[in-house]
Amino acid sequence: MSEVLTYILLIGWMPLLFIIIGVIIAIQGGKQLYHSQFASVKVSARCIDVQKIQEDGRTLYRPVYEYVYNGRTIHGTRLDYDEASPIAVNDMNMTTVYVDKKHPDIVVDTPGSAAPAVVKLVIGVIFAYTALQIIVPMLLMLLFEG
(Lines give C-alpha, C1' and ligand atoms only; values in the text may rest on other atoms or scores of the structure.)
Protein backbone atom coordinates (compact mmCIF):
# COMPACT_ATOMS: atom_id res chain seq x y z
CA MET A 1 0.00 0.00 0.00
CA SER A 2 1.38 3.41 -0.95
CA GLU A 3 2.12 6.18 1.52
CA VAL A 4 -0.51 8.45 -0.04
CA LEU A 5 -3.24 5.83 0.28
CA THR A 6 -2.22 5.11 3.89
CA TYR A 7 -2.29 8.84 4.65
CA ILE A 8 -5.75 9.22 3.11
CA LEU A 9 -7.14 6.21 4.98
CA LEU A 10 -5.74 7.43 8.30
CA ILE A 11 -6.54 11.13 7.95
CA GLY A 12 -9.13 11.30 5.14
CA TRP A 13 -12.13 10.43 7.31
CA MET A 14 -11.87 13.77 9.16
CA PRO A 15 -12.79 15.98 6.18
CA LEU A 16 -15.67 13.61 5.39
CA LEU A 17 -16.90 14.04 8.94
CA PHE A 18 -16.71 17.82 8.56
CA ILE A 19 -18.58 17.66 5.25
CA ILE A 20 -21.36 15.61 6.85
CA ILE A 21 -21.56 17.93 9.87
CA GLY A 22 -21.56 21.00 7.60
CA VAL A 23 -24.35 19.64 5.42
CA ILE A 24 -26.47 18.76 8.48
CA ILE A 25 -25.98 22.23 9.99
CA ALA A 26 -26.78 23.90 6.65
CA ILE A 27 -29.98 21.85 6.23
CA GLN A 28 -31.12 22.73 9.77
CA GLY A 29 -30.43 26.41 9.10
CA GLY A 30 -32.34 26.27 5.83
CA LYS A 31 -35.34 24.65 7.50
CA GLN A 32 -35.32 27.24 10.29
CA LEU A 33 -35.05 30.06 7.76
CA TYR A 34 -37.99 28.69 5.77
CA HIS A 35 -40.13 28.17 8.87
CA SER A 36 -39.36 31.59 10.36
CA GLN A 37 -40.01 33.52 7.16
CA PHE A 38 -42.38 31.58 4.94
CA ALA A 39 -44.43 29.00 6.89
CA SER A 40 -46.84 31.43 8.55
CA VAL A 41 -48.94 34.40 7.52
CA LYS A 42 -50.09 37.44 9.47
CA VAL A 43 -53.85 37.98 9.81
CA SER A 44 -56.13 40.31 11.76
CA ALA A 45 -58.17 38.41 14.31
CA ARG A 46 -60.73 38.94 17.06
CA CYS A 47 -60.78 36.93 20.29
CA ILE A 48 -64.14 35.12 20.55
CA ASP A 49 -63.46 32.80 23.48
CA VAL A 50 -60.84 31.92 26.08
CA GLN A 51 -60.34 28.32 27.13
CA LYS A 52 -59.12 27.86 30.72
CA ILE A 53 -57.36 24.98 32.41
CA GLN A 54 -56.19 24.52 36.00
CA GLU A 55 -52.73 22.99 36.28
CA ASP A 56 -50.67 22.78 39.48
CA GLY A 57 -52.75 25.48 41.13
CA ARG A 58 -52.29 27.87 38.20
CA THR A 59 -54.86 29.00 35.69
CA LEU A 60 -53.68 28.72 32.09
CA TYR A 61 -55.44 30.39 29.16
CA ARG A 62 -55.78 29.72 25.46
CA PRO A 63 -57.61 32.36 23.41
CA VAL A 64 -59.73 31.26 20.46
CA TYR A 65 -59.53 33.69 17.54
CA GLU A 66 -61.82 34.32 14.60
CA TYR A 67 -60.20 35.54 11.39
CA VAL A 68 -60.54 35.42 7.64
CA TYR A 69 -57.94 33.38 5.76
CA ASN A 70 -58.16 32.70 2.02
CA GLY A 71 -61.75 33.94 1.98
CA ARG A 72 -62.91 31.59 4.77
CA THR A 73 -63.82 32.56 8.32
CA ILE A 74 -61.79 30.33 10.63
CA HIS A 75 -61.79 29.79 14.38
CA GLY A 76 -58.21 29.09 15.38
CA THR A 77 -56.17 28.67 18.51
CA ARG A 78 -52.69 27.88 19.69
CA LEU A 79 -51.82 24.28 20.51
CA ASP A 80 -50.65 25.12 24.04
CA TYR A 81 -51.94 27.12 26.98
CA ASP A 82 -50.27 30.26 28.33
CA GLU A 83 -49.99 31.80 31.80
CA ALA A 84 -50.57 35.30 30.50
CA SER A 85 -53.88 36.85 31.38
CA PRO A 86 -56.35 36.50 28.52
CA ILE A 87 -57.30 39.26 26.19
CA ALA A 88 -60.85 40.52 26.33
CA VAL A 89 -63.38 38.22 24.69
CA ASN A 90 -65.46 39.80 21.91
CA ASP A 91 -63.29 42.89 22.00
CA MET A 92 -64.11 44.75 18.80
CA ASN A 93 -60.46 45.74 18.41
CA MET A 94 -58.64 43.48 16.01
CA THR A 95 -55.30 41.99 17.00
CA THR A 96 -52.58 40.56 14.78
CA VAL A 97 -51.85 36.84 14.93
CA TYR A 98 -49.79 34.49 12.77
CA VAL A 99 -51.35 31.31 11.40
CA ASP A 100 -49.69 28.24 9.94
CA LYS A 101 -50.15 28.19 6.15
CA LYS A 102 -50.57 24.40 6.03
CA HIS A 103 -52.95 24.31 9.01
CA PRO A 104 -54.79 27.66 9.07
CA ASP A 105 -56.72 26.77 12.23
CA ILE A 106 -53.47 26.79 14.25
CA VAL A 107 -52.16 30.09 15.60
CA VAL A 108 -48.35 30.08 15.86
CA ASP A 109 -45.80 32.20 17.66
CA THR A 110 -44.60 35.38 16.06
CA PRO A 111 -41.94 34.41 13.52
CA GLY A 112 -38.50 34.98 14.91
CA SER A 113 -35.61 36.77 13.39
CA ALA A 114 -34.00 35.15 10.37
CA ALA A 115 -30.50 35.99 11.64
CA PRO A 116 -29.85 32.81 13.70
CA ALA A 117 -31.01 30.61 10.83
CA VAL A 118 -28.82 32.48 8.33
CA VAL A 119 -25.82 32.18 10.66
CA LYS A 120 -26.41 28.42 10.99
CA LEU A 121 -26.74 28.08 7.22
CA VAL A 122 -23.50 30.02 6.58
CA ILE A 123 -21.55 28.06 9.22
CA GLY A 124 -22.71 24.78 7.69
CA VAL A 125 -21.62 25.87 4.21
CA ILE A 126 -18.24 27.05 5.55
CA PHE A 127 -17.70 23.69 7.32
CA ALA A 128 -18.45 21.73 4.16
CA TYR A 129 -16.44 24.07 1.88
CA THR A 130 -13.39 23.98 4.15
CA ALA A 131 -13.48 20.19 4.30
CA LEU A 132 -13.74 20.02 0.52
CA GLN A 133 -10.64 22.19 0.28
CA ILE A 134 -8.80 19.53 2.28
CA ILE A 135 -10.20 16.37 0.71
CA VAL A 136 -9.98 17.35 -2.98
CA PRO A 137 -6.14 17.64 -2.96
CA MET A 138 -5.98 14.28 -1.14
CA LEU A 139 -8.06 12.64 -3.84
CA LEU A 140 -6.02 14.28 -6.60
CA MET A 141 -2.82 12.99 -4.99
CA LEU A 142 -4.28 9.50 -4.91
CA LEU A 143 -5.43 9.67 -8.54
CA PHE A 144 -2.17 11.03 -9.95
CA GLU A 145 0.21 9.02 -7.78
CA GLY A 146 2.72 7.48 -10.05
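Bear in mind that the values here come from a model prediction, so they are computed numbers and not experimental data.

A. How the structure looks around the overall build of the protein chain. From N to C terminus, the protein chain includes three helices and five strands. For the protein chain, the N- to C-terminal ordering of α and β elements is α-α-β-β-β-β-β-α. Relative to a compact globule of 146 residues, whose C-alpha radius of gyration would be 15 Å, the protein chain shows 26 Å and is clearly more extended. Over its C-alpha atoms, taken along the principal directions, the protein chain stretches across nearly 80 × 40 × 20 Å. In the protein chain, which comprises 146 residues, the proportion classed as buried is 27%. Considering only contacts within the protein chain whose residues lie at least 6 apart along the sequence, 64% involve residues at least 24 apart. Element-wise, carbon and sulfur atoms account for 63% of the exposed surface of the protein chain, whose accessible area totals about 9900 Å². Between the averaged position of the 11 positive side-chain charges in the protein chain and that of its 13 negative side-chain charges there is a distance of 7 Å.

B. The arrangement of the environment of Lys52 in detail. Positionally, Lys52 belongs in strand β1 (residues 40-55). Residue classification places Lys52 among the exposed positions, given a relative accessible area of 61%. Between the C-alpha atoms of Lys52 and Gln28, which are 24 residues apart in sequence, the distance is 35 Å. Ignoring sequence-local partners within four residues, the contact set of Lys52 consists of Thr59, Leu60, Tyr61 and Tyr81.

C. Highlighting the packing of helix α2 (residues 13-38) against helix α3 (residues 115-143). In the contact formed by α2 and α3, the axes pass within 7 Å of each other and the chain directions differ by 160°. In terms of orientation, α2 lies roughly antiparallel with respect to α3. Note on packing geometry: the crossing formed by α2 with α3 is left-handed.

D. Up close: the pairing of β1. Bridge count between β1 and strand β4 (residues 95-100): six bridges; the pairing is antiparallel. The residue of β4 that forms the bridge with Ala45 is Thr95. The antiparallel hairpin formed by β1 and strand β2 (residues 58-69) contains two residues in its connecting segment, where Asp56 sits at a positive phi of about 55°.

Reading the values: the criteria
The residue numbers shown here count from 1 along each chain, following its written sequence. Selection of residues for local features in this predicted model requires a pLDDT of at least 70, selection of side-chain atom pairs for listing and counting requires 80 or more, and totals for whole chains, interfaces and linings are taken over all residues. Hydrogens and water are ignored here; the side-chain numbers use all heavy atoms of the structure. Secondary structure counts use DSSP, requiring at least four H or I residues in a row for a helix and at least two E residues in a row for a strand, with both numbered from the N terminus. With C-alpha atoms as the basis for the radius of gyration, the globule rule is written as 2.2 Å multiplied by the number of residues raised to the power 0.38. Only protein chains enter the accessibility calculation, which uses a 1.4 Å probe; a residue whose area is less than 20% of its type maximum is buried, one above 50% is exposed, and one in between is partly exposed. Only heavy atoms enter the contact rule, under which two residues are in contact if any of them lie within 4.5 Å. Calculation of accessible area relied on Shrake-Rupley with a 1.4 Å probe; when residues are assessed, cover is drawn exclusively from the protein chains displayed. Counted charges follow a simple rule, with Lys and Arg positive, Asp and Glu negative, and His plus the chain ends left uncounted. Note that the charge is assigned to NZ on lysines, CZ on arginines, CG on aspartates and CD on glutamates. Axis definition: a line fitted to C-alpha atoms, over the contacting stretch in the case of helices. Angles run 0 to 180 degrees between N-to-C directions. An angle counts as roughly parallel when it lies under 35 degrees, as roughly antiparallel when it exceeds 145, as roughly perpendicular when it falls between 65 and 115, and as oblique in every other case. Crossings are sorted by hand: turned counterclockwise from the far helix by less than a right angle, the near helix makes the crossing left-handed, and turned clockwise it makes it right-handed. At least two DSSP bridges between two strands are needed for those strands to be called paired.

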